[in-house]
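Summary of the model geometry
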Amino acid sequence: MSAATRTLVSPATLARPRGRAVYWTVFTAVVVLFAVAFLFPVYWMVTGAAKSPDEVAQTPPTLVPKQWHLDGYTDAWDLMQLPTHLWNTVVQATGAWAFQLVFCTAAAYALSKLKPVFGKLILGGILATLMVPAQALVVPKYLTVADLGLLNDPLAIWLPAVANAFNLYLLKRFFDQIPRDVLEAAEIDGAGKLRVLWSVVLPMSRPVLGVVSIFALVAVWQDFLWPLMVFSDTDKQPISVALVQLSQNIQLTVLIAAMVIASIPMVALFLVFQRHIIAGISAGSTKG
Amino acid sequence: MTKTAHRRPAEAIAVRPVKAPPPAGDRRRRRLAEQLRAHAFLIGGLLCFALFSWYPAIRAIVIAFQKYTPGSGAEWVGTANFTRVWHDPEFTAAWRNTLTFTLLALLLGFAVPFVLALVLNELRHAKAFFRVVVYLPVMIPPVVSALLWKWFYDPGAGLANEALRFLHLPTSNWSNGADTALVSLVIVATWANLGGTVLIYLAALQSIPGELYEAAELDGASLLQRVRHVTIPQTRFVILMLMLLQIIATMQVFTEPFVITGGGPENATVTVLYLIYKYAFLYNDFGGACALSVMLLILLGAFSAVYLRLTRSGEEGA
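Being a predicted model, the structure only gives us computed values, none of them experimental.

Some remarks on helix H4 (residues 71–79) of chain A
Residue and element names in this part refer to chain A. Within H4, burial applies to Gly 72, Tyr 73 and Ala 76. Projection of H4 onto a plane perpendicular to its axis shows the buried side chains occupying an angular sector of 100°, all on one side. With respect to the buried face of H4, the exposed residues turned more than 90 degrees away are Asp 78 and Leu 79. Following H4 by one or two positions, Gln 81 adopts a phi angle in the positive range, close to 50°.

With respect to the layout of surface pockets
By volume, the second largest pocket amounts to about 1,000 Å³. Val36(A), Ala37(A), Pro41(A), Trp149(B) and Ala163(B) are, among the 29 residues lining the second largest pocket, the residues nearest its centre. Within the residue set of the lining of the second largest pocket, elements represented by two or more residues are helix H2 (17–48) of chain A together with helix H4 (89–122), helix H6 (142–152), helix H7 (159–166) and helix H8 (181–206) of chain B. With seven residues, H2(A) is the largest single contributor of residues to the lining of the second largest pocket.

Focus on the UniProt feature "domain: ABC transmembrane type-1" (unreviewed entry) in chain A
Mapped onto this numbering, the UniProt entry gives "domain: ABC transmembrane type-1" (unreviewed entry) at residues 86–273 of chain A. End C-alpha to end C-alpha, residues 86–273 of chain A measures 21 Å, and it is 77% helix and 0% strand.

Structural notes on the pairing of strand S2 (residues 73–76) of chain B
All names here are of chain B. Summarising the sheet, strand S1 (residues 66–69) and S2 pair through four bridges and their orientation is antiparallel. Paired with Thr 69 across the bridge in S2 is Gly 73. In sequence, S1 turns back onto S2 through a hairpin of three residues, with Gly 71 there showing a positive phi of about 95°.

Focus on the UniProt feature "transmembrane region" (unreviewed entry) in chain A
Residue and element names in this part refer to chain A. The UniProt feature table records "transmembrane region" (unreviewed entry) at residues 21–44, 86–109, 121–143, 155–175, 196–221 and 250–273. From the first C-alpha to the last, residues 86–109 spans 34 Å; its make-up is 100% helix and 0% strand. As a span, residues 250–273 carries 92% helix and 0% strand, and end to end its C-alpha atoms are 34 Å apart.

With respect to a nonpolar patch on the surface
Together, Tyr43(A), Leu63(A), Val64(A) and Trp68(A) give the surface a local cluster of nonpolar side chains, amounting to about 420 Å² of exposed area. Secondary-structure assignment places Trp68(A) in the loop between helix H3 (53–57) and H4.

What about the UniProt feature "domain: ABC transmembrane type-1" (unreviewed entry) in chain B?
Under the feature "domain: ABC transmembrane type-1" (unreviewed entry), the UniProt entry names residues 95–307 of chain B. Structurally, residues 95–307 of chain B comprises 76% helix and 0% strand, and the distance from its first C-alpha atom to its last is 22 Å.

Focus: the packing of aromatic side chains
Counting across every chain of the model gives 37 aromatic pairs over all chains. Ring centres of Phe40(A) and Tyr43(A) lie 6.0 Å apart, and the angle between their planes is 25°; on these two criteria the pair is classed as stacked. Of this pair, Phe40(A) and Tyr43(A) both sit in helix H2, three residues apart, roughly one helical turn. Take Phe40(A): its relative accessible area is 25%, and that puts it in the partly exposed class. Overall, Tyr43(A) belongs to the partly exposed group, its relative accessible area being 31%. Taken together, the ring pairs connect Tyr142(A), Phe224(A), Phe254(B), Phe258(B), Tyr274(B), Tyr277(B), Phe281(B) and Phe286(B) into an aromatic cluster.

Structural notes on unusual backbone geometry
Between Gly264(B) and Pro265(B) the backbone carries a cis peptide bond, its omega angle lying at -15°. If you trace the backbone, Pro265(B) turns up in the loop between helix H12 (255–261) and helix H13 (272–281). Here the phi dihedral of Lys115(A) falls at roughly 50°; this positive angle occurs in a residue that is not glycine. Residue position: Lys115(A) is located in the loop between helix H5 (82–114) and helix H6 (119–128). For Lys115(A), a relative accessible area of 59% puts it in the exposed group.

Rules used throughout
- Residues numbered from 1 in each chain as written.
- Chains lettered and ligands numbered in written order.
- Predicted model: local features only at pLDDT ≥ 70, side-chain atom pairs only at ≥ 80, totals over all residues.
- Heavy atoms only, no water.
- Buried < 20%, exposed > 50% of the residue type's maximum accessible area, 1.4 Å probe, protein only.
- Helix = DSSP H or I, 4+ residues; strand = E, 2+ residues; numbered from the N terminus.
- Arc of directions from axis to C-beta.
- 1 Å grid on protein atoms, 1.4 Å probe; cavity = no way out; pocket = protein on both sides within 12 Å on 5 of 7 lines; lining within 4 Å.
- Points joined across faces, edges and corners; volume = space filled by probe spheres on them.
- UniProt positions renumbered as here; feature names shortened; annotations may be inferred.
- Pairing = 2+ DSSP bridges.
- Patch = residues over 30% accessible without salt bridge, like charges linked within 9 Å, V, L, I, M, F, W, Y side chains within 5 Å.
- Areas by Shrake-Rupley, 256 points an atom, 1.4 Å probe, with all protein chains shown as cover.
- Salt bridge = Lys/Arg side-chain N within 4 Å of Asp/Glu carboxyl O.
- Phe/Tyr/Trp six-rings, centres within 6.5 Å; stacked < 30°, edge-to-face > 60°.

Structure representation (structure tokens):
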């Protein structure tokens, strides 16, 4: 596809020997740049955790660990209570995802297809929150969560995650495109509104549900400030908060190993779904 | 879709006579039931928006004018919170740092991805690979990238100084020097976030019709002239969008200064959001924190309003 479309440099220029030489030089330069800028830090992290404490502190540093110490990883797992914090993060992320999926799809379906009174006003109110920068509201939001007695409770992550105007709007826009005829046909066959949502709308909305799911999971997994405020109880903290709290008094190699472990789930998710994630980001933008 | 459209009238005809027009009272009751059902679907989401979006926004403004202690109530104090916060020496530092950070992030996180996307778009090989690699840092948790770079910036065995030594350049204090700390943080934020920008630029570049480049080349436009007169005007809308998004995002920076420098050295990296956090959780001064929040809210709300306005007009145009 991209081979056929004409870009900045014409195919004719590239076909010439000089053009080819320039192309391959630029290509090599880009490969090196990408390797150094994006892959090397990650490589350095993964191998740094496998070095001995002396080796990691030595100058000049070694490119490859002289000896692979995997106990950095096992120490991190045990000393930093990573299973607890990873589990907390999983609970928080999947809960936020489930709550968002249930409440946002239901609300988006209602706004898109059920014509509630004040629907326009409600949608306006929801869209207006897009104008409010999320972080500027963390303090009053924290006070509200505290008043509700939700501090140190995963509900403090789950419920505010539902108030995501971007995802709700994404769903509503997708539902708007589903022709009325299809829904009416199902209703004539005797399906109720919930049944229509479940067996007609949702199966047709797989792509947008996938995008919303990934956004929801990534957002919670990567968040730091909100869980830092909400979870003062160490045993309840997600991995991002625990890493920072524990980073002060722990051996460097152990900390680095914990950093690697904390990165694995999201990087793995990305590598598995990279096509969809990249397509989602690209598509979302060109529409705008 | 066309198939169902053709079939439907027949079905409708078959069904309609059965449903005779109901009496007026019945119809009203049915409409009420319909409304109840619609709102039953809405209620969960609506409650969450009310509790965690609308109410906090109002509450921020209210508490900004109060002396507020959780548990023991509130007392109106007029604009005292604003004046107190205003006279805090950290206030000036926080705003100056935040604006500088945003400006530097704009220069770095904006020009670099554009050039990178331009080059990547020209490459004929391994495009998918580059797209994955450039986005990889975005998927690493921000806390991890902050800790990672904190380690790189270490004045002793840090990778950053090692690289400078390798290139025979003078070493730097990086995040530990008062004059280099902020730039060091901008580098981290750029590294961690530029992947998304590159992908969006790439998508925009791919939508430029090739004939424009051909025509420009026939007119004798050089490579740089083609960038200037074709690429940039064609992607102007995306550039503007990303610029606004970047301003909104970077003005809320928190994780990097909190994790890497702790606001120091000498307040060189205290940001507005960091100061809000300090007021709330160190000084227990929620009035001051909300006064600062309201200032940030007003400034960023203006940018967001422009952004939404533009996206909406862009959608109508498309």
